[in-house]
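Observations on the model geometry
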Amino acid sequence: MGLFSSMDISASGLSAERVRMDVVSQNIANVNTTRTIQGGPYRRKLVVFKEIQPDSFQSVLEKVRGKYTGKGVEVVRVMEDEQTPLRRVYEPGHPDADEQGYVSYPNVNIVAEMVDMISATRAYEANVTAFNAAKAMFQKSLEIGK
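These remarks concern the structure in this document. (Residues numbered from 1 in each chain as written. Predicted model: local features only at pLDDT ≥ 70, side-chain atom pairs only at ≥ 80, totals over all residues. Heavy atoms only, no water.)

Attention now moves to the side chain of Arg44. Looking at the element boundaries, Arg44 is found in the loop between α1 (5–29) and β1 (45–51). In terms of polar contacts, Arg44 uses its side chain to reach the side chain of Glu113, at 2.4 Å. One polar contact links Arg44 to Asp116, side chain to side chain, over a distance of 2.9 Å. Beyond its immediate chain neighbours, meaning those up to four positions away, Arg44 contacts Asn27, Met79, Glu80, Asp81, Asn107, Val108, Glu113 and Asp116. (Helix = DSSP H or I, 4+ residues; strand = E, 2+ residues; numbered from the N terminus. Polar contact = N/O pair within 3.5 Å; in protein donor to acceptor, adjacent residues only side chain to side chain. Contact = heavy atoms within 4.5 Å.)

By the definition in use, this model includes twelve salt bridges. Its salt-bridge partner being Lys45, residue Glu80 comes within 3.8 Å of it at the nearest N-O pair. Of this pair, Glu80 sits in strand β2 (residues 73–80) while Lys45 sits in strand β1, and the two are 35 residues apart along the sequence. Overall, Glu80 belongs to the partly exposed group, its relative accessible area being 35%. With its nearest N and O atoms 3.4 Å apart, the salt bridge here joins Lys50 to Glu74. With Lys50 in strand β1 and Glu74 in strand β2, the pair connects residues that are 24 residues apart, well separated along the chain. For Glu74, a relative accessible area of 32% translates into the label partly exposed. Each of Arg44, Asp81, Glu113 and Asp116 takes part in a single network of salt bridges with overlapping partners. (Salt bridge = Lys/Arg side-chain N within 4 Å of Asp/Glu carboxyl O. Buried < 20%, exposed > 50% of the residue type's maximum accessible area, 1.4 Å probe, protein only.)

Relative to the helices and strands, Leu86 is located in the loop between β2 and β3 (87–90). Apart from residues no more than four positions distant in its own chain, Leu86 is found in contact with Pro41, Tyr42, Arg43, Ser104, Tyr105, Pro106 and Asn107.

Next up on the list: the packing of α1 against helix α3 (residues 110–143). For the pair α1 and α3, the least separation of the axes is 9 Å and the interaxial angle reads 160°. The angle between the axes of α1 and α3 places the two elements in the roughly antiparallel class. When the axes of α1 and α3 are compared, the crossing they make is left-handed. For the contact of α1 with α3, the class distribution of residues is 16 nonpolar, eight polar and six charged. (Axes fitted to C-alpha atoms, helices over the stretch in contact; angles between N-to-C directions. Parallel < 35°, antiparallel > 145°, perpendicular 65-115°, else oblique. Left-handed = near helix turned anticlockwise from the far one by under 90°. Nonpolar A, V, L, I, M, F, W, Y, C, P; charged D, E, K, R; others polar.)

In short, the description is geometric, and any link to function would need to be established separately.
Below, the structure is given as structure tokens:
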């Protein structure tokens, strides 16, 4: 594990959580969007994370010895939530209403999005704290020689 690897890991977490907060913000902004470019209502988006796997021979040896060799996290993709059904509301006067007078609204739940936003914010703050702790340790180690 290199000198700055803990900072790299925290930085990757910061980037991933920023993307997650951006996607949650986009979901909240489109809570009432009934028409998109693709046609139909907006669909909630989800962020998929993956651990960055080190692939060097040295990292494989260290893993066998029981040492941690993580590299952080990365965003694999942003996908649409196809599992959750769309909300259907009876509004016969709406321009996007179907033959029965129902309008399909996005499958965005404001409460769930706010919980996701709080979770992303807390994870972001935890990564900032870890980054600052690593920085403080490096600064203290430089003071040892004085």
